[in-house]
Amino acid sequence: MKIAIAHDYLIQMGGAERVVEVFHDMYPEAPIFTTVFSDDRLSRNLKDADIRATWLQKVPGVKDNFKGVLPLYPIAIRDFDFRDFDIVLSSSSAFMKSIQVPKHTFHICYCHTPMRFAWDYDTYMARQSKSNLLKNMLKLYMNRLKTWDAKTSRNVDQFVANSSVVKRRILHYYQRDSDVIFPPINTSRFKRATNIGDYYLIVSRLVSYKRIDLAIEAFKRNGLKLRIVGEGPDRKRLESMAAPNIEFLGRLEDEEVNKLMAECRALVFPGEEDFGITPLEANAAGRPVIAFQGGGALDTIVPHVNGVFFRKHQVEDVLEAVEKVEQHAWNVDDIITHARKFDEENFKDQLKKYVEQAYVNFLKGG
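Residues numbered from 1 in each chain as written. Predicted model: local features only at pLDDT ≥ 70, side-chain atom pairs only at ≥ 80, totals over all residues. Heavy atoms only, no water.

## Here's the deal with helix α7 (residues 212-222)
Part 1: Those residues of α7 not exposed but buried are Ile-212, Asp-213, Leu-214, Ala-215, Ile-216, Ala-218 and Phe-219.
Part 2: One or two steps after α7, the chain reaches Gly-223, where phi turns positive at roughly 75°. (Buried < 20%, exposed > 50% of the residue type's maximum accessible area, 1.4 Å probe, protein only. Helix = DSSP H or I, 4+ residues; strand = E, 2+ residues; numbered from the N terminus.)

## A few points about helix α6 (residues 164-174)
Part 1: Buried residues of α6: Val-165, Val-166, Arg-169, Ile-170 and Tyr-174, and no others. All buried residues of α6 project into a common sector of 140° when viewed along the axis, lining one side. Exposed and oriented more than 90 degrees from the buried face of α6 are Arg-168, Leu-171 and His-172.
Part 2: Residues of α6 that are buried in the fold lie against β5 (106-111), α3 (116-119), α5 (132-152), β6 (158-161) and β7 (178-180).
Part 3: Positive backbone phi, approximately 55°, marks Gln-175, located one or two places after α6. (Arc of directions from axis to C-beta. Contact = heavy atoms within 4.5 Å.)

## Details of the state of the cysteines
Part 1: Applying the stated rule across the entire model yields zero disulfides.
Part 2: Among the cysteines around Cys-109, which has no disulfide bond, Cys-111 carries the closest sulfur, lying 5.0 Å off.
Part 3: For Cys-109, a relative accessible area of 0% translates into the label buried. (Disulfide = S-S within 2.5 Å.)

## Here we look at the side chain of Lys-348
Part 1: Take Lys-348: it is sitting in helix α14 (residues 344-363).
Part 2: If we skip the residues at most four places from it in the chain, Lys-348 touches Val-22, Asp-25 and Met-26.

## A look at the side chain of Glu-273
Part 1: Take Glu-273: it is sitting in the loop between β11 (267-269) and α10 (277-284).
Part 2: The class for Glu-273 is buried, based on a relative accessible area of 11%.
Part 3: Within the local environment of Glu-273, its side chain forms a polar contact with the side chain of Lys-210, the two groups lying 2.5 Å apart.
Part 4: Setting aside residues no more than four positions away along its own chain, Glu-273 makes contact with Arg-116, Tyr-209, Lys-210, Gly-295 and Gly-296. (Polar contact = N/O pair within 3.5 Å; in protein donor to acceptor, adjacent residues only side chain to side chain.)

Rendered as structure tokens:
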């Protein structure tokens, strides 16, 4: 089988891009089609990949403002040519699920979520510092984009959802069924620490919907140390809210993040995510998680085994969850054992078998 990989854009390295790294490891000869990529932001695991971008790659400034060319993505992906491939494995939370492939080519989409910025626009934009006029104009465009997104969902032969909540969204927005295969975690990267520090930890892109502002307000109130790893457009606003006990560390190398995870009292995960790889990474290092009770965390957090939930996006709920972490006697072995259920080797084995069987069914016309 000749396979191609497709991904929305390779501009930032988050959970979805980690999945693409594993795709590349599984199928190293497969080219990776994407709209635009940034050489200096690619992970080491993708440096040797055959990456093929659209004409957007040549647009001045696009790598630093890839969201600013939003209307161009549906146009740019029309130029991809998949005639030489038997299978296209797409990784999508935005546009790449909408690619067109020949009738003889099987398109299987690993869906991180139907595009959040269109289908859940009001929540996505709630804390963005944009004028009301711009927000209203964007909302009109998003209504058109939702129509296009639903229509082009038919371009996918088989959907795979990354979590139970994404499976429900695919059914709701696209009227399509899907199977769930949880994203891969490289648990071997993480080692338990002998000594635990006196700080809590957030590892995240700094964007408004991640609700890092909620964690900052909570830790300003309880005075405990909070370290925040990551970059993003919301950093300036978040720093303006912070107290001296809250430290912003910026973007760090994996080795530094691993150490911080292993030595933190707990990872704080305040947003509602489609899945959420970071909590399981902290678990792989033996540390519990404080998570909002929604989204993908419902698939990964077992209360008082590997973490605790807070029910509402309210400061009091976060403070109560922190108290639960402080009072509970955590079994590090149980936490690590739980994380290993999501190890990337299990993912590779499961996905490879799934793709092969789905392709056989496709050839049979099933």
